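A look at the structure
The residues making up each chain are set out below.
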Amino acid sequence: MQAEEKFTPETWPASPEKSTLEAKNKFLGFWLFLGGETVLFATLFATYLALKDKVPGTDHALAKDLFEMPLVFLMTMILLTSSLTSVYAMYHMKNFDFKKMQLWLGITVLLGFAFLGLEIYEFNHYVHEFHHTFTSSAFGSAFYTLVGFHGAHVAFGLAWFITLMVRNSKRGLDLYTAPKFYVASLYWHFIDVVWVFIFTVVYLMGMVG
Amino acid sequence: MANQQPTTGNPRVDIEYRRRKNAEEMRYQVITFSLMIFLTLMAFAAVGFGDFSSWFIAPFIILLAVVQVIFQLYYFMHMSHKGHEAVQLFLYSGVLVAAVTILAFTTIIWW
């Protein structure tokens, strides 16, 4: 099978994300990268856990003063739902339905922007209401590094999706573009994996004290 | 993969079979999603409404997170499918280093 070959729903292979050598390499290389990302986020989580609530004075806000459940709950639901919508996009990719795939990717991107907007609001709130900044305490540095790194991953994931959608809007699906969409959706799921640990370890455990 | 091309010589039959299979998998994904939402609700409820000691809550919600991440990896990211052996090697190597790092930082930093 050639990467440039034109397909119909009938001739579209069952696993287009792994049908060419390039696609197989991409798939393998990307998972190796995700293994490395796991270690990267683990070091940030470890640093956060070691420096949680380590502030220079009693007037500094601690985790239990900062975090509010409704906002975190909303952000969690939005990101979790965006994970499902990208599964829908890959479902339509496997059925060779480019338009529906683009539609679901578009919904995923909108949810991603909603999440990012709430995170910016949240950080802004901490800085102005609590004077909890990157340099105000070791706790602040560790918190913004961990959660901010995740937020940067969300921003990168959004840019990745949008670039793929715009660049391939006329080309459609073939064995060159399908693996690209598939790998981007894997990245998006991984962002959700990291968030599951962030809302549990940072926010929920922070509220418990 | 090339060997997963239509085999009956009648593409129409294969496409209907494959559409059905894809739709069935999508149904399982939606079930997975509902379970993930349920686990999330349990974690938030345990902290928000539960009257438990933090010695119980912390391990409990971490366990819920681990289960949810397994769903995400094995269903949403298809690790339960064939051809993910190298993927498991990569990811679990990462998880091993991650676990040792977190263990070290949470136990001996303030010793």
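The name an unreviewed UniProt entry assigns to chain B is Cytochrome B6, from the organism Mesobacillus campisalis. Of chain B, the UniProt comment under Subcellular location (unreviewed entry) reads exactly: "Cell membrane".

Chain A is annotated in an unreviewed UniProt entry as Cytochrome B oxidoreductase of Mesobacillus campisalis. Check the Subcellular location (unreviewed entry) section of the UniProt entry for chain A; it says "Cell membrane". In the Sequence similarities (unreviewed entry) part of its UniProt record, chain A is described as follows: "Belongs to the cytochrome c oxidase subunit 3 family."

What follows concerns the overall build of chain A. When you go through chain A residue by residue, the secondary structure sums to six helices and zero strands. For chain A, the spread of C-alpha atoms along the three principal axes comes to 65 × 30 × 25 Å. Classification of the 209 residues of chain A by burial places 57% in the buried group. Considering only contacts within chain A whose residues lie at least 6 apart along the sequence, 78% involve residues at least 24 apart.

As a further point, take helix H4 (residues 98–130) of chain A. The α-helix winds at 3.6 residues per turn, so residues separated by three or four positions along the chain end up facing the same way. With 33 residues, H4(A) should reach 48 Å at 1.5 Å per residue; the first-to-last C-alpha distance of 47 Å fits that figure. One or two steps after H4(A), the chain reaches A:His131, where phi turns positive at roughly 50 degrees.

Right, let's talk about the nonpolar core for a bit. Residues A:Trp31, A:Phe67, A:Phe143 and A:Tyr203 are the most contacted members of the largest nonpolar core, which totals 94 residues. The biggest single contributor to this core is helix H6 (residues 178–208) of chain A, with 22 residues. Contact partners of A:Trp31, with chain neighbours within four places excluded, come to A:Leu186, B:Leu73, B:Met77, B:Met79, B:Val87, B:Phe90 and B:Leu91.

Let us look at helix H3 (residues 85–107) of chain B. Along its 23 residues, H3(B) runs 33 Å from first to last C-alpha, staying within 8% of the 33 Å computed at 1.5 Å per residue. B:Val87, B:Leu91, B:Gly94, B:Ala98 and B:Thr101 are the residues of H3(B) that are buried.

Residue and element names in this part refer to chain B. Considered domain by domain, chain B is made up of domain 1 (2–80) and domain 2 (82–111). Counting from both sides, the interface comprises six residues of domain 1 and, opposite them, six residues of domain 2. In total, domain 1 and domain 2 occlude about 430 Å² of area from one another, counting both sides; carbon and sulfur atoms represent 59% of this. Remark: the boundary between domain 1 and domain 2 carries zero salt bridges. In terms of residue class, the side of domain 1 that touches domain 2 is made up of four nonpolar, two polar and no charged.

Attention now goes to the interface of chain B and chain A. In this assembly, 56 residues from chain B lie in contact with 56 residues from chain A. Of the roughly 5000 Å² buried at the junction of chain B and chain A (both faces included), carbon and sulfur atoms supply 77%. Linking chain B with chain A are zero salt bridges. Here chain B is connected to chain A by six residue pairs in polar contact (both at pLDDT 80 or more). Among the elements of the structure, helix H1 (11–48), helix H2 (54–76) and H3 of chain B are those that each provide at least two residues to the side of chain B that touches chain A. Along the lines of polarity and charge, the residues of the side of chain B that touches chain A split into 37 nonpolar, 15 polar and four charged.

A word on the confidence of the model for chain A. Overall, the prediction assigns chain A a mean pLDDT of 95, with 99% of residues at 70 or greater. Averaged pLDDT values over the elements of chain A bottom out at 94 in helix H2 (residues 63–66) of chain A and peak at 98 in helix H5 (residues 138–167) of chain A.

Applying the stated criterion across every chain, the model contains 30 aromatic pairs over all chains. Arranged with centres 5.1 Å apart and planes meeting at 75 degrees, the rings of A:Phe143 and A:Tyr144 form a pair that is edge-to-face. For A:Tyr144, a relative accessible area of 10% translates into the label buried. Relative to A:Trp188, the ring of A:Phe161 lies with its centre 5.6 Å away and its plane at 55 degrees, an arrangement referred to as tilted. With A:Phe161 in helix H5 and A:Trp188 in helix H6, the pair connects residues that are 27 residues apart, well separated along the chain. Here the two residues A:Phe161 and A:Trp188 agree in accessibility, since each one is buried. Looking at A:Lys18, its charged tip hangs above the ring of A:Phe27, at a distance of 4.8 Å from the centre. Over the face of the ring belonging to B:Trp110 we find A:Lys54, whose NZ or CZ atom lies 4.8 Å from the ring centre.

In this section: the UniProt feature "transmembrane region" (unreviewed entry) in chain A. All names here are of chain A. Per the UniProt record, "transmembrane region" (unreviewed entry) is annotated on residues 28–51, 71–91, 103–121, 141–166 and 186–206. In residues 71–91, the share of helix is 100% and the share of strand is 0%. The end C-alpha atoms are 31 Å apart. Here residues 186–206 runs as 100% helix and 0% strand, with 29 Å between its end C-alpha atoms.

The next subject is unusual backbone geometry. With phi around 60 degrees, A:Asp53 is a residue other than glycine that occupies positive phi space. You can call A:Asp53 partly exposed: its relative accessible area is 26%. Positive phi, close to 65 degrees, is recorded for B:His78, a residue that is not glycine. Considering the arrangement of structural elements, one finds B:His78 in the loop between H2 and H3. For B:His78, a relative accessible area of 9% gives the class buried.

What counts as what
Residues numbered from 1 in each chain as written. Chains lettered and ligands numbered in written order. Predicted model: local features only at pLDDT ≥ 70, side-chain atom pairs only at ≥ 80, totals over all residues. Heavy atoms only, no water. UniProt positions renumbered as here; feature names shortened; annotations may be inferred. Helix = DSSP H or I, 4+ residues; strand = E, 2+ residues; numbered from the N terminus. Buried < 20%, exposed > 50% of the residue type's maximum accessible area, 1.4 Å probe, protein only. Contact = heavy atoms within 4.5 Å. Expected span 1.5 Å × (residues − 1). Core = buried A, V, L, I, M, F, W, Y, C linked by side-chain atoms within 4.5 Å. Domains from an automatic or database assignment. Buried area = accessible area lost by both parts, 1.4 Å probe. Salt bridge = Lys/Arg side-chain N within 4 Å of Asp/Glu carboxyl O. Nonpolar A, V, L, I, M, F, W, Y, C, P; charged D, E, K, R; others polar. Polar contact = N/O pair within 3.5 Å; in protein donor to acceptor, adjacent residues only side chain to side chain. pLDDT = per-residue confidence, 0-100. Phe/Tyr/Trp six-rings, centres within 6.5 Å; stacked < 30°, edge-to-face > 60°. Lys NZ or Arg CZ within 6 Å of the ring centre and 35° of its normal.

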